[in-house]
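# Analysis of the macromolecular model
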Amino acid sequence: MSIKLFDAELKVMEVLWKEGDLTAAQLTKIMNKETGWIRSTTYTVLKKLIDKGAVERCEPNFTCRAAVTRESVQQGEAEELIDRLFDGSAELFLSAYVSSKKLSDAEIDGLRRIVEKLK
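Read on for an overview of the structure. Quick caveat, the model's predicted, so the values are computed rather than measured.

### Focus: the sheet that holds strand 1 (residues 22-23)
Judged by pairing direction, the sheet is antiparallel, and its three strands sit side by side in the order 1-3-2 without closing on themselves. Edge strands, defined here as strands with exactly one partner in the open sheet, are strand 1 and strand 2 (55-58). As paired strands, strand 1 and strand 3 (residues 63-66) are joined by two bridges and run antiparallel to one another. By the bridge assignment for strand 3, Leu 22 is matched with Cys 64. The strands touched by helix 1 (residues 7-19) within the sheet are strand 1, strand 2 and strand 3, with strand 3 carrying the most contacts at an inclination of about 90 degrees.

Quick look at the structure:
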């Protein structure tokens with residue numbers, strides 16, 4: 001199951017993925033420091049994340065826990081991008097991406113290993 005997250009939601013998820021479980025109050029302080037958000041903004045975004053199933057609310061103290069992994073969100077976003085812009089072709093996506101970049105030898109070797117695993 002892929003969950004679509006918007007930029008503000010991703011900001012909250014990044015904090016939870018980095019820090020682990022936090023109370024809503026702790027999360028509010030971090031978001032205020034990092035983004036300037038006030039309490040109500042953080043709580044609004046949290047409610048949306050809870051409704052989507054991306055964050056789990058636990059008691060006591062309104063503890064927030066990431067219910068999806070960074071990797072699963074990345075996978076879903078990548079699939080959506082490839083489907084939307086490249087007609088579902090990973091080959092077209094990869095070609096467009098690497099043609100505009102200067103890849104290091106290590107990156108090229110890494111891509112080669114990934115492709116070999118697919119065979």
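### A closer look at the side chain of Thr 28
Note on placement: Thr 28 falls in helix 2 (residues 24-35). Residues within four places of Thr 28 in sequence aside, it is in contact with Arg 39, Thr 42 and Tyr 43.

### Let's talk about unusual backbone geometry
With the exception of glycine, most residues fall at negative phi, and the peptide bonds are largely trans. Residue Pro 60 is reached from Glu 59 by a cis peptide bond, and omega for that bond is 10 degrees. Backbone geometry at Asn 61 places phi at a positive 65 degrees, although glycine is not the residue there. Within the chain, Phe 62 stands out as a residue other than glycine whose phi angle is a positive 50 degrees. Considering the arrangement of structural elements, one finds Phe 62 in the loop between strand 2 and strand 3. Judged by relative accessible area, which is 15%, Phe 62 ranks as buried.

### Focus: helix 3 (residues 39-52)
Taking 1.5 Å per residue, 14 residues should reach 20 Å; helix 3 reaches 20 Å between its end C-alpha atoms and fits that length. Every buried residue of helix 3 is listed here: Thr 42, Val 45, Leu 46 and Leu 49. Buried residues of helix 3, seen end-on, are gathered within an arc of 105 degrees and therefore sit on one face of the element. Among the exposed residues of helix 3, those pointing more than 90 degrees away from its buried face are Lys 47 and Asp 51. Along its buried surface, helix 3 packs onto helix 1, helix 2, strand 2 and strand 3.

### Some remarks on the packing of helix 4 (residues 70-86) against helix 5 (residues 90-99)
It is at 9 Å that the axes of helix 4 and helix 5 come closest, and there the two elements cross at 90 degrees. Between helix 4 and helix 5, the angle is such that the two are roughly perpendicular. Contacts from Leu 81, Ile 82 and Phe 86 in helix 4 reach Ala 90, Leu 92, Phe 93 and Ala 96 in helix 5. Looking at the contact of helix 4 with helix 5 residue by residue, the classes come out as seven nonpolar, no polar and no charged.

### Things to note about the side chain of Glu 9
Tracing the chain through its elements places Glu 9 in helix 1. Given the relative accessible area of 4%, Glu 9 is considered buried. In terms of polar contacts, Glu 9 uses its side chain to reach the backbone amide nitrogen of Phe 6, at 2.7 Å. What Glu 9 contacts, discounting residues up to four positions off in sequence, is Lys 4, Val 45, Lys 48, Leu 49 and Lys 52.

### Considering the packing of aromatic side chains
Inspection of every chain in the model, using the stated rule, returns three aromatic pairs. Summarising the aromatic geometry, the rings of Tyr 43 and Phe 62 are spaced 5.6 Å apart at their centres and angled 85 degrees between planes, so their arrangement reads as edge-to-face. With Tyr 43 in helix 3 and Phe 62 in the loop between strand 2 and strand 3, this residue pair connects regions lying 19 residues apart in the sequence. Assessed through its relative accessible area of 24%, Tyr 43 is described here as partly exposed. Arranged with centres 6.2 Å apart and planes meeting at 20 degrees, the rings of Phe 93 and Tyr 97 form a pair that is stacked. With a gap of four residues between them, Phe 93 and Tyr 97 both fall in helix 5, about one helical turn apart. Here Tyr 97 falls in the partly exposed class, since its relative accessible area comes to 42%. Taken together, Phe 86, Phe 93 and Tyr 97 form an aromatic cluster joined through their ring pairs. Above the ring of Phe 6, the side-chain terminus of Lys 4 is found at 5.9 Å from the ring centroid.

Calculation rules
Residues numbered from 1 in each chain as written. Predicted model: local features only at pLDDT ≥ 70, side-chain atom pairs only at ≥ 80, totals over all residues. Heavy atoms only, no water. Pairing = 2+ DSSP bridges. Helix = DSSP H or I, 4+ residues; strand = E, 2+ residues; numbered from the N terminus. Contact = heavy atoms within 4.5 Å. Axes fitted to C-alpha atoms, helices over the stretch in contact; angles between N-to-C directions. Buried < 20%, exposed > 50% of the residue type's maximum accessible area, 1.4 Å probe, protein only. Expected span 1.5 Å × (residues − 1). Arc of directions from axis to C-beta. Parallel < 35°, antiparallel > 145°, perpendicular 65-115°, else oblique. Nonpolar A, V, L, I, M, F, W, Y, C, P; charged D, E, K, R; others polar. Polar contact = N/O pair within 3.5 Å; in protein donor to acceptor, adjacent residues only side chain to side chain. Phe/Tyr/Trp six-rings, centres within 6.5 Å; stacked < 30°, edge-to-face > 60°. Lys NZ or Arg CZ within 6 Å of the ring centre and 35° of its normal.

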